[in-house]
Amino acid sequence: MKKIFIFFIWISITVFSVKVLALSRGLSVKIKNKPEKNAPVIEEVLLYQNSYALIIGIDNYANSWPKLTEAINDAEIVASELEKKGFEVTLKTDLNSDELSKTFKEFFIFKGENPQARLFVWFAGHGYSQDGEGYLIPSDAPAPEEGARFRYYALSMRRFGELVRQAKSKHVFVVFDSCFSGTIFSTQRSKPPPAVTRATTLPVRQFLSSGDAKQAVSDDGTFRMLFVRAITGEEPADANNDGYLSGSELGLFLTDRLTNLTESLQTPRYGKLRDPDYDQGDFIFFLRKADEAGQLKTTNKGYLSVESNIKRAKVLIDGDILGFSNLSFMELESGIHLLRLEKEGFVPYEKKIHIKKGQSLSQYVELKMQSKDTGRLFVNTLPVSANTKILNLDTEFHQGMNLKFGRYLVEISALGYETKNIWIVLNSTEDKTLNIHLKESKANKAQDSEGRFILLGNGAIKDSETNLEWIVGQDMDTTYKETELWIKGLIIDGGGWRFPTIKELRSLYQIGKGKCNMSSLFKVNIGWWVWSGGEFGQSAVNGFNFNNGQVESFNRLYSCEFRAFAVRRSKNTGNDNKGNKSVEAQKEDRFVALGEGVIKDTETDLEWISGTDRDAMWKSADLWIQSLSIDRGGWRFPTIKELRGLYQIGMGARNISPLFKINIGWWIWSGDEDGQTAVKGLNFKNGHVESFNRLYSCDFRVLAVRSSNHESKKINIQ
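As the structure is a computational prediction, the values presented were derived from the model and not from experiment.

Draft legend 1. Structural view of the overall build of the protein chain. Secondary structure summary: the protein chain contains twelve helices and 44 strands in total. Within the span of the protein chain, comprising 718 residues, buried residues form 50% of the whole. The contacts of the protein chain with a sequence gap of at least 6 include a subset with a gap of at least 24, amounting to 66%. Split by element, the accessible area of the protein chain, about 34,400 Å² in all, is 48% carbon and sulfur.

This is the structure:
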């Protein structure tokens, strides 16, 4: 039976802050004279001097073992959490048999040499049970059917128990997120002591499994999530609410919680090593300091579980992707949220849900298949204010409306223009887009003028100061995604239309002009907000408020008072009305693309290379930069000062030259370290500098830099 193992050895305790550990001052615990909650404290003892963690994740298996997708990701999450708690972390991935055994041996012998140290090991990968024995599976292990060869490559739990005994550290805690054959520890089901006593400090090797032998353990991260929440205090695992979480309390909590969640399909076990020298103590985690009344602060969050009849349906909360069905106990802020499930080929589901503080909500969603005998119709018009009707239907037209197979008479009309009727044939499952350009009636003026702004014959509005041309969508509430589809469909006068930048929208802002502080030619009479192309994270986009000139970020599915504008530079000339290059063109002359992806900054004489436009940890970035050998190498992390030199408000999609091809993330890693585990990054949205853990990755991108020391052949950039 193939299962997922997550192996975890860990000790955590302190009544001080995490900074105490970082300063190597040790971790202390207050001891009571007897195991009773209200017993007096008799002393405070030093429990740990050092904290070490070994994190292992294996995704890429050879032979007959299927590849995994979450093992390395889980390992990185655990490593990040432990670094926050002051552990010295070693992260290993995709280890083969020899590497796995050597890594464990080195860790337990060398890191475990100090009796006052605490040890932590996390193993995420395949596991297997055979003849009452459990095995950890390295990346190169053969199939179990190969008998002796399998046992030679796999690491048995008996062998692992021998390695654990090599450590002299007083406390070791092991957690297996898998079914487990209990060959090295004895199980127990007893209530934990209500207080920390001298017995707590005695040597112990404790173990916890997420399932019993031969149980199928889910690979959805539920156990790992509950475990992390327990040790960080987000779940009520601290039974006596004293601010300490013992291993026994943790085992009892996870056993009860997961057994109930899975209706006894997954029953965790916990216990201690079968050895009289290592079954006495009980390790402690420090959660957070209790207040004077002895009560811990409560969370303002709740939990949501979502199941569906369709697997891998996308689950969104308020427009943000939460994951894919089925989801278990995802943390959300208390309050009203919009739940949405969607998958191609099925009708999307939406419902408002109420998350209550400290409570869990479960939702079952049945998605229905979309009808296969319909297609969708889109109509783009010039002028954009034109009205569209389907004359042989009673239903009012809307963009993307579903229509059955057949012939339809479409009418497009607008005041001052000649009405156009056109018959179309829509096939089933077909998306058809009509681009209709109405002719002006003789009574309509060819163009209008307000001095700076000129209404062109194609319906566009030209700004003679900036040499930009604008198209305005209908004066109705519009989401960012709807605006994006509309802009992509614009082919007016050769196309080239795009989202405006905040800087370009700000140039239209004229207090007292029109009804919305802009030229009346734009015909915006109600809404105050206009979408820009400035993204903020993966789900939010910046908008400009024409009521007060402010800029804020909104979810892409938000629409209230938002309008759609499209812009492009006038095709008549690349210069402004004074015959000079535009500001953006002048800025772009500064950066020159060289061979092999190198970008030269002619002002600073620095050369740059961009990494892939996806989330990256500092450690991953470090490995990438070290491997760069392009044009004799010499690449390194940039300094914060050098990154500030690239920050130019209004440039590209990220306030940086588009040659760098960064379209999503806002943060760039620097080489400026902040302590042993943190590194500084620069935010290209606002120019701020902050420090992050080296294992953090969300929204971070990578640039490598070097001084220009040779001539490179320039490539013409169109």
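Draft legend 2. Focus on the sheet that holds strand β17 (residues 320–324). Spatially, β17-β16-β19-β20 is the arrangement adopted by the four strands of the open sheet, whose pairing is antiparallel. The open sheet has two edge strands, β17 and β20 (349–355), and neither has a second partner. Within the sheet, the average angular offset between the axes of one strand and its neighbour, ignoring direction, is 30°. Strand direction decides the pairing type here: strand β16 (residues 314–317) and strand β19 (residues 335–342), joined by four bridges, are antiparallel. Considered in β19, the bridge of Leu316 is made with Arg340.

Draft legend 3. The arrangement of the packing of aromatic side chains in detail. Counted according to the given criterion, the structure contains 34 aromatic pairs. Taking NZ or CZ as reference, Lys685 lies 5.5 Å from the ring centre of Trp666, over its face.

Draft legend 4. Structural view of the nonpolar core. Judged by nonpolar contacts, the single largest core of 49 residues is most densely connected at Ile55, Phe104, Phe108 and Ile137. Top contributing element to this core by residue count: strand β6 (residues 117–130), with eight residues. Apart from residues no more than four positions distant in its own chain, Ile137 is found in contact with Ile58, Tyr61, Trp65, Phe123, His126, Gly127, Tyr128, Phe150 and Ala154. Counting 36 residues, the second-largest nonpolar core is a separate cluster that includes Phe591, Leu606, Leu643 and Phe684.

Draft legend 5. Fine view of the side chain of Thr483. Relative to the assigned elements, Thr483 resides in helix α8 (residues 480–488). Looking at Thr483, its side chain comes within polar contact range of the main-chain oxygen of Thr479, at 2.8 Å. Residues contacting Thr483, with those up to four places away along its chain left out, are Thr478, Phe499, Trp531 and Ala564.

Draft legend 6. Focus on the packing of helix α6 (residues 222–231) against helix α7 (residues 247–261). Running from N to C, α6 and α7 point in directions that differ by 140°, and their axes come no closer than 11 Å. Relative to α7, the crossing made by α6 is right-handed. The segment α6 lies against α7, with Thr222, Phe223, Leu226, Phe227, Ala230 and Ile231 engaging Leu250, Phe253, Leu254, Arg257, Leu258 and Leu261. Classifying every residue of the contact of α6 with α7 by side-chain character gives ten nonpolar, one polar and one charged.

Draft legend 7. Structural view of the pattern of salt bridges. Taken as a whole and judged by the stated rule, the model has 24 salt bridges. The salt bridge partner of Asp477 is Arg563, with a shortest N-O separation of 2.9 Å. In this pair, Asp477 sits in the loop between β31 (468–472) and α8 while Arg563 sits in strand β35 (residues 562–563), placing the two residues 86 residues apart along the sequence. Here Glu673 makes a salt bridge to Arg694, at a shortest N to O gap of 3.4 Å. A residue pair is termed long-range when its members are at least 10 positions apart, and Glu673 in strand β40 (residues 667–674) and Arg694 in the loop between β42 (689–693) and β43 (700–701) qualify at 21 residues. Overall, Glu673 belongs to the partly exposed group, its relative accessible area being 48%.

Draft legend 8. Local environment of the pairing of strand β4 (residues 50–57). Across the eight residues that make up β4, a large majority, seven, are buried. As paired strands, β4 and β6 are joined by eight bridges and run parallel to one another. Bridge pairing links Ile55 to Trp122 in β6. Across six bridges, β4 lies against strand β5 (residues 88–93) in parallel orientation. Along β5, the bridge assignment pairs Tyr52 with Glu88.

Draft legend 9. Spotlight on the environment of Ser169. As for its position among the elements, Ser169 is in the loop between α5 (157–165) and β9 (171–180). On the basis of relative accessible area, Ser169 is assigned to the buried category, the value being 0%. Note: C-alpha distance between Ser169 and Phe108 (61 residues apart in sequence) is 8.8 Å. Once you skip the residues sitting within four places of it in the chain, Ser169 turns out to touch Lys111, Gly112, Asn114, Pro115, Ala117, Leu119 and Arg205.

Criteria and cut-off values
- Residues numbered from 1 in each chain as written.
- Predicted model: local features only at pLDDT ≥ 70, side-chain atom pairs only at ≥ 80, totals over all residues.
- Heavy atoms only, no water.
- Helix = DSSP H or I, 4+ residues; strand = E, 2+ residues; numbered from the N terminus.
- Buried < 20%, exposed > 50% of the residue type's maximum accessible area, 1.4 Å probe, protein only.
- Contact = heavy atoms within 4.5 Å.
- Areas by Shrake-Rupley, 256 points an atom, 1.4 Å probe, with all protein chains shown as cover.
- Pairing = 2+ DSSP bridges.
- Axes fitted to C-alpha atoms, helices over the stretch in contact; angles between N-to-C directions.
- Phe/Tyr/Trp six-rings, centres within 6.5 Å; stacked < 30°, edge-to-face > 60°.
- Lys NZ or Arg CZ within 6 Å of the ring centre and 35° of its normal.
- Core = buried A, V, L, I, M, F, W, Y, C linked by side-chain atoms within 4.5 Å.
- Polar contact = N/O pair within 3.5 Å; in protein donor to acceptor, adjacent residues only side chain to side chain.
- Left-handed = near helix turned anticlockwise from the far one by under 90°.
- Nonpolar A, V, L, I, M, F, W, Y, C, P; charged D, E, K, R; others polar.
- Salt bridge = Lys/Arg side-chain N within 4 Å of Asp/Glu carboxyl O.

Geometric descriptors of this kind do not, in isolation, establish any biological role.
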